[in-house]
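Residue-level listing of the chains:
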Amino acid sequence: MAAHRLLRLPKPCSALRLLCMLKTVADLALSQEVYAPHSIRMEGDLTLGGLFPVHARGLPGEPCGDIKKENGIHRLEAMMYALDQINSDDELLPNITLGARVLDTCSRDTYALEQSLTFVQALIQKDTSDVRCTNGEPPVFVKPEKVVGVIGASASSVSIMVANILRLFQIPQISYASTAPELSDDRRYDFFSRVVPPDSFQAQAMVDIVKAMGWNYVSTVASEGSYGEKGVEAFMQISRESGGICIAQSLKIPHDRKQADFDKIIQQLLSTSNARAIIIFASDEDIRGILNATKRADQVGHFLWIGSDSWGAKSSPIHQLEDAAVGAVTILPKRATIAGFDAYFTSRTLENNRRNVWFAEYWEENFNCKLMSSSKKEDTSRKCTGQERIGTDSKYEQEGKVQFVIDAVYAMAHALHNMQKELCPDTSGVCPEMDQAGGKKLLKYIRNVSFNGSAGTPVTFNRNGDAPGRYDLFQYQMNNSSTPGYKVIGQWMDTLQLNIEDMQWPNGETGIPISVCNLPCKTGERKKMVKGMPCCWHCELCDGYQYQYDETTCKLCPYNMRPNGNRTGCQPIPIVKLEWHSPWAVIPVFLAMLGIIATIFVMATFIRYNDTPIVRASGRELSYVLLTGIFLCYIITFLMIAKPDVGICSFRRIFLGLGMCISYAALLTKTNRIYRIFEEGKKSVTPPRLISPTSQLAITSSLISVQLLGVFIWFGVDPPNIVIDYDEQKTMNPSQARGMLKCDITDLQIICSLGYSILLMVTCTVYAIKTRGVPENFNEAKPIGFTMYTTCIVWLAFIPIFFGTAQSAEKLYIQTTTLTISMNLSASVALGMLYMPKVYVIIFHPELNVQKRKRSFKAVVTAATMSTRLSHKPSDRPNGEAKTELCENVDPNSECHHASPPPAHFQNTEMWEGYAVFGFHFVHKSNIHVHPTRSEFSGFLSSDICLNLMAHKSLFLVDFEKRHYKKQFIKLLICVMKKRKND
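Now for a quick tour of the structure.

Definitions and limits used
- Residues numbered from 1 in each chain as written.
- Predicted model: local features only at pLDDT ≥ 70, side-chain atom pairs only at ≥ 80, totals over all residues.
- Heavy atoms only, no water.
- Axes fitted to C-alpha atoms, helices over the stretch in contact; angles between N-to-C directions.
- Helix = DSSP H or I, 4+ residues; strand = E, 2+ residues; numbered from the N terminus.
- Parallel < 35°, antiparallel > 145°, perpendicular 65-115°, else oblique.
- Left-handed = near helix turned anticlockwise from the far one by under 90°.
- Contact = heavy atoms within 4.5 Å.
- Pairing = 2+ DSSP bridges.
- Phe/Tyr/Trp six-rings, centres within 6.5 Å; stacked < 30°, edge-to-face > 60°.
- Buried < 20%, exposed > 50% of the residue type's maximum accessible area, 1.4 Å probe, protein only.
- Lys NZ or Arg CZ within 6 Å of the ring centre and 35° of its normal.
- Expected span 1.5 Å × (residues − 1).
- Disulfide = S-S within 2.5 Å.

So, about the packing of helix α12 (residues 402-423) against helix α14 (residues 439-447). Where α12 contacts α14, the axes come no closer than 8 Å and their chain directions differ by 115°. The angle between α12 and α14 places the two elements in the roughly perpendicular class. For the crossing formed where α12 meets α14, the hand is right-handed. Along its contact with α12, which presents M412, A415, L416, N418, M419, E422 and L423, the element α14 presents K441, L442, Y445 and I446.

Another aspect to go through is the sheet that holds strand β6 (residues 147-151). The sheet built from six strands is open, its strands ordered β1-β5-β2-β6-β7-β8 with mixed pairing. The open sheet has two edge strands with one neighbour each: β1 (39-42) and β8 (192-194). The average angle at which neighbouring strand axes cross in this sheet is 20°, direction not considered. Pairing of strand β2 (residues 46-52) with β6, which is carried by four bridges, proceeds in the parallel orientation. Pairing of L48 across the sheet is with G149, part of β6. Relative to strand β5 (residues 98-104), helix α2 (residues 69-87) is tilted by about 175°, and along the sheet it contacts β1, β2, β5 and β6. Helix-sheet contacts for helix α4 (residues 156-166) involve β2, β6, β7 (173-175) and β8, and the interaxial angle to β7 is about 170°.

Attention now moves to the packing of aromatic side chains. Under the defined criterion, the tally for this structure stands at 20 aromatic pairs. Ring plane angle 50° and centroid distance 4.6 Å describe the contact between W363 and F367, whose orientation is recorded as tilted. With W363 and F367 both in helix α11 (residues 359-367) and four residues apart, the pair spans about one turn of that helix. On the basis of relative accessibility, which here comes to 0%, the residue W363 falls in the buried class. Aromatic pair Y471 and W492: ring centres 6.0 Å apart, planes at 55°, arrangement tilted. One end of the pair, Y471, is in strand β16 (residues 471-479); the other, W492, is in strand β17 (residues 482-493), with 21 residues separating them in the sequence. Of the two residues examined, Y471 and W492, each falls in the buried class. Taken together through their ring pairs, the aromatic side chains of Y81, F341, Y344, F345, F359, Y362, W363, F367 and Y396 make up a single cluster. Just above the ring of Y445 sits the side chain of K444; from NZ or CZ to the centre is 5.2 Å. Over the ring of Y767 we find K770; its NZ or CZ atom is 6.0 Å from the centre of that ring.

Here we take up helix α17 (residues 620-641). Helical geometry: 3.6 residues make up each α-helical turn, so side chains three or four residues apart lie on a common side. The end-to-end C-alpha distance of α17 is 33 Å, a good match for the 32 Å that 22 residues give at a rise of 1.5 Å each. Counting buried positions over the 22 residues of α17 gives 16, a clear majority of the element.

With that out of the way, let us pick up the pairing of strand β27 (residues 738-743). The buried fraction of β27 is high, at five of six residues. Two elements, strand β25 (residues 575-576) and β27, share two bridges in a ladder whose sense is parallel. Paired with V576 across the bridge in β27 is M740.

Our focus in this paragraph is the state of the cysteines. Applying the stated criterion across every chain yields a total of eight disulfides. A disulfide bridge connects C64 with C106, and the sulfur atoms are separated by 1.6 Å. Linking C64 and C106, the disulfide has an S-S dihedral of approximately 80° and is accordingly described as right-handed. With C64 in strand β4 (residues 64-67) and C106 in the loop between β5 and α3 (109-116), this residue pair connects regions lying 42 residues apart in the sequence. A relative accessible area of 0% means that C106 is categorised as buried. Disulfide partner of C557: C570, at an S-S distance of 2.0 Å. Here C557 and C570 share a disulfide; its torsion about the S-S bond, -90°, makes the bridge left-handed. Of this pair, C557 sits in the loop between β22 (553-556) and β23 (561-563) while C570 sits in strand β24 (residues 570-572), and the two are 13 residues apart along the sequence. C633 supplies the cysteine sulfur nearest to C661, a cysteine that is in no disulfide, at a spacing of 10.0 Å. No disulfide involves C792; its sulfur sits 8.8 Å from the nearest other cysteine sulfur, which is in C764. With a relative accessible area of 17%, C792 lands in the buried category.

Burial in α11 covers these residues: F359, Y362, W363, E364, N366 and F367. Those residues of α11 that are buried lie in contact with β4, α2 and α10 (339-346). In the segment just after α11, N368 is the residue with positive phi, at about 55°.

See the structure below:
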């Protein structure tokens, strides 16, 4: 390496030893100039190194470009100013003067690395054993100044490069502007410290700003290098950890960028136009390139810039590009304008600032003039007079990092001061212990310093060498009501304090612009996230019975609830029941009320005319039982519609099938009695058993008891209860959902409860069919038959309707109405066909309600059956009919004729109930007419009825109920047979 080259002479030096020494020093100086052709040297007891971006990056093939007035000269002069202040301070480092060796990094990390070798020359051990002057004597070397610490660099990429070599020689380094999070790694950059907070704090502040704006979809742009790339990386990491922010694109500006590169970046950003917010970690030149590309693309005002501290509140990145920067939010470590520096810098002239080797170049650039004909400035021909004044003849504004440069110098000075006090307690100035202490010891004092900086804020370092995070937030505003420029809109000190009301936006937007991938979903809609992009989604409505549980989830409401109007929660499903005013209830109730009135009327009529022939002939006992069943069939309508509770449900179970059971049990007993009587009459003259009224009541009661037994078993197995059925009316539209309050009775249980009654009904119908041929003069078989046929039709229609509506939303209403109407119709058919004709005769034709018109199903004469066996065809009879005559044209001397009154024990009318009187006579010898008398009688009611029947003074009386048979019956049959034989 050239820095390590020593002059090697083949022969010893002559007497001209002094000349040899001077030549060696000259060669060494020349050697050093290779690395630092332009540098500032300030003599002192202790020397501090300085690295500043005095020039911008040069074009390809050239290390340096144009001079940087603010970032370079301002910061460099800030170090000079701080050294002057410290050296003039009697309390800080007394009797010790700080010197400096300041180098230009030219904003390039590799070039800065070469320059930084100057700082380590004094620490490199040189082997001079084989070096001789021309006279043979060893050379005399000028030992370079020892740099105890370095202030800088500015760019993070430069600081990282320099830190790698400085740590090898244990030289502490304090940066005034490098904020890359990578530099917080105390294992790799253990000798690096900084008075500015790292970008991790800056990135956190930027994340907080984005969230405060309500933005969740942003892009990032970074200059290639540690500062830009690491800053964006920190932002992305923190945004991922905190959540709620998605990166649309992360773009990088290359080192050797061209205009086309910036145009391409803008087009890429426009491809995700919803991501209007752009996080930018870039150098001044790259910021200008981006803004220029925005103008070329005619997208001024579209992007919402959030700039890092490299943008800060500087005017250079936006010079002549102000319209493209309107609304940009920038961040800058909290700072203050140092009034002393302003006075110092504005007083600098070419005469009093010769120590700054770059000041003449700055002068030309600042005042746009030339100092000499050989000047590199070619865009002007104006000559500099040297009388120009900074701030008077040119615009001046203190650069943002000046405060931190001063604080960095003072931090090094305080560390050296504390070190000197501890190592040299009895010595003023630098003692040998301090001189030999080394950089590692000095680093310990640097990390422990604590003092108030130039802005009055504390200057401290954490264990990683980072300063606490304190930022000012700016926004570039330009409108008619205020002067264009950066306005403070808040600050960040661990937490964000942002004055949103003070912010202004491009294109006159009054509200905060939007930078989101998708607009928020409406209430009741969930976000269906796009894979790999958690901030992008599609909105889906929570349908059916779902509600919006959170932003991304729809959940089903509980069984008894439905979503509210905006689907943000659930609400109870309304509970309904069959109301009295409902059309489904009005019709059954109306029919039931008519039926109840009619039933009560019939029952009252029968009670009123209880002893008349028609009532007695109807079988009073079973008639009252049948009317009771009909009444209960009507009553069940009101129980089925009433509001369910345990009591109502209990009565429903009891009376649901009981009314029909009572009705059909009574009808079945009647039809069975008639059937048995006539079937028995065909076989023998012996009447069947159990046909008396008491027997009939007993049979009916036993049939009813089966129904009651089943109901009581049902009560024991499944006690009555009420339930709320939410399935029945759980419609597709939740707003129409209803919970049905009803008894805990299933469809199957209803059918089972009615099943026994239906069985009785079917059985009764079978008997009605079998007895359809019985002469109507003897029984009610035909009205009962018509009743049962009609009832079967009603219930055959009921079953498909009842089960066919099981899936209907109106199931409860339809089934309840169908059931009650079917029961009402069944009761009405029985009431109308069996009792209304009798009531009609009783009320409107009382003349027919006499003995001869009395009919009864309690007694049937066996002779009626025999008449079908013994009589001829109707055609053989006079006038084609079976003529009945009582004692008309009868030969009184006939063998079989005899007239006698009824026996004495039958004279009482009451005792004749249940009996039938039959008379027989002969019209012609050749023709025997065996016929019943014109009518059946329940009693011997009229003396004008001829009872002088043929058959040996015989009157045949049959008591079927008591199985009492008269001997006259046998005599009558013998007489009839003899007469037929004789004829």
